[in-house]
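Notes for the structure review
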Amino acid sequence: MNAAFVLYDNLTALDIVGPYEVLAGHSQVTPQFVAARAGKIRCDNGLALHADFAFDDVTAPDLIVVPGSSQWRSALDDEVLIAWLASVHKTATWTTSVCSGSTLLAKAGILAGRRATSHWAVVDTLAADGAVVCNERVVVDGDVITAAGVSAGIDMGLTLAAALFGEMAARTIQLALEYDPEPPFDSGSPRTAPPEAVAFLRAALNGS
């Protein structure tokens, strides 16, 4: 299975690295880091990743993983990326996204009429582009899986691993990663975070 892990300028690193760590170690998965051009891609936190392939080199991946970005509005203007997603989705077995990556799928027309989720601060954009917004951590609708904010990418990867390789394989991967989170604060959702933190992040992520 050829898995295209999509890179673009200012992506959020954990959005792509989380699912990669879950999926790429399986013997049936051939990971491919792909971008508009091969070479170094700088994440929104400054981390550099490397695309081994250009979009033109990867025209029929079996699996697509699309990360989000703290600068997600700028990513929506990337016509080359949007066109590539619209094209390769037609023949892919699975198309997936993490965090605001779902806004890119929506812009490409992939989420029209589908149930989908995203980071809590950007779900209005999904609805505007025709998606049926669900406030869930991972949403499966046909051959598309979307995940909520950043850390939910690991959950998405495990959900997909179970679909591809069976539940026991997914459970084994989870154990290997020791994915057993115990966050120090109950602040991972706008329902539980301090209101001032919610307001600050909402303004920052929506460019106001």
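Here the structure is a predicted model, which means the values were calculated and not measured.

Across all of its chains, the model carries six salt bridges by this definition. Arg114 is the partner of Asp143 in a salt bridge, and the nearest nitrogen-oxygen pair spans 3.0 Å. With Asp143 in the loop between strand E10 (138–141) and strand E11 (144–147) and Arg114 in the loop between helix H4 (101–107) and strand E8 (115–116), this residue pair connects regions lying 29 residues apart in the sequence. Here Asp155 ties to Arg137 by a salt bridge, and the two come within 2.5 Å at their closest N and O atoms. A residue pair is termed long-range when its members are at least 10 positions apart, and Asp155 in helix H6 (residues 152–165) and Arg137 in the loop between strand E9 (132–133) and E10 qualify at 18 residues. On the accessibility criterion, Arg137 (37% relative accessible area) is partly exposed. Three or more residues are tied together by salt bridges with common partners; here these are Arg114, Asp141 and Asp143.

Below, the discussion takes up the nonpolar core. Judged by nonpolar contacts, the single largest core of 63 residues is most densely connected at Val6, Leu7, Trp84, Leu85, Leu104 and Leu111. Ranked by the residues each element gives to this core, the list is headed by H6, at seven residues. In this structure Leu111 touches Ser102, Leu105, Ala106, Ala116, Leu126, Gly130, Ala131, Val144 and Thr146, once residues within four positions along its chain are discounted.

Below, the discussion takes up the sheet that holds strand E5 (residues 53–54). One open sheet accounts for seven strands, arranged E5-E2-E1-E6-E7-E11-E10; its pairing is mixed. A strand with exactly one partner marks an edge of an open sheet, and here the two such strands are E5 and E10. Relative to strand E7 (residues 94–98), strand E6 (residues 63–66) runs parallel, the two sharing four bridges. If you follow Val65 over to E7, its bridge partner there is Thr96. Docked against the sheet, helix H1 (residues 13–23) engages strand E1 (2–6), strand E2 (30–35), E6 and E7, running at close to 160 degrees with respect to E1. Sheet strands in contact with helix H3 (residues 79–89) are E1, E2, E6, E7 and E11, and its direction is about 150 degrees off that of E6.

What follows covers the side chain of Arg114. Since its relative accessible area comes to 18%, Arg114 is described here as buried. With near-sequence residues (within four places) excluded, Arg114 lies in contact with His89, Gly130, Ala131, Val132, Asp141, Gly142, Asp143 and Val144.

So, on to the pairing of strand E3 (residues 39–42). As paired strands, E3 and strand E4 (residues 48–51) are joined by four bridges and run antiparallel to one another. Looking at E4, one finds that Gly39 is bridged to Ala51. With antiparallel pairing between neighbouring strands as the criterion, E3 and E4 make up a hairpin whose turn holds five residues, including Gly46 at a positive phi of roughly 100 degrees.

Cut-offs and rules
- Residues numbered from 1 in each chain as written.
- Predicted model: local features only at pLDDT ≥ 70, side-chain atom pairs only at ≥ 80, totals over all residues.
- Heavy atoms only, no water.
- Salt bridge = Lys/Arg side-chain N within 4 Å of Asp/Glu carboxyl O.
- Helix = DSSP H or I, 4+ residues; strand = E, 2+ residues; numbered from the N terminus.
- Buried < 20%, exposed > 50% of the residue type's maximum accessible area, 1.4 Å probe, protein only.
- Core = buried A, V, L, I, M, F, W, Y, C linked by side-chain atoms within 4.5 Å.
- Contact = heavy atoms within 4.5 Å.
- Pairing = 2+ DSSP bridges.
- Axes fitted to C-alpha atoms, helices over the stretch in contact; angles between N-to-C directions.

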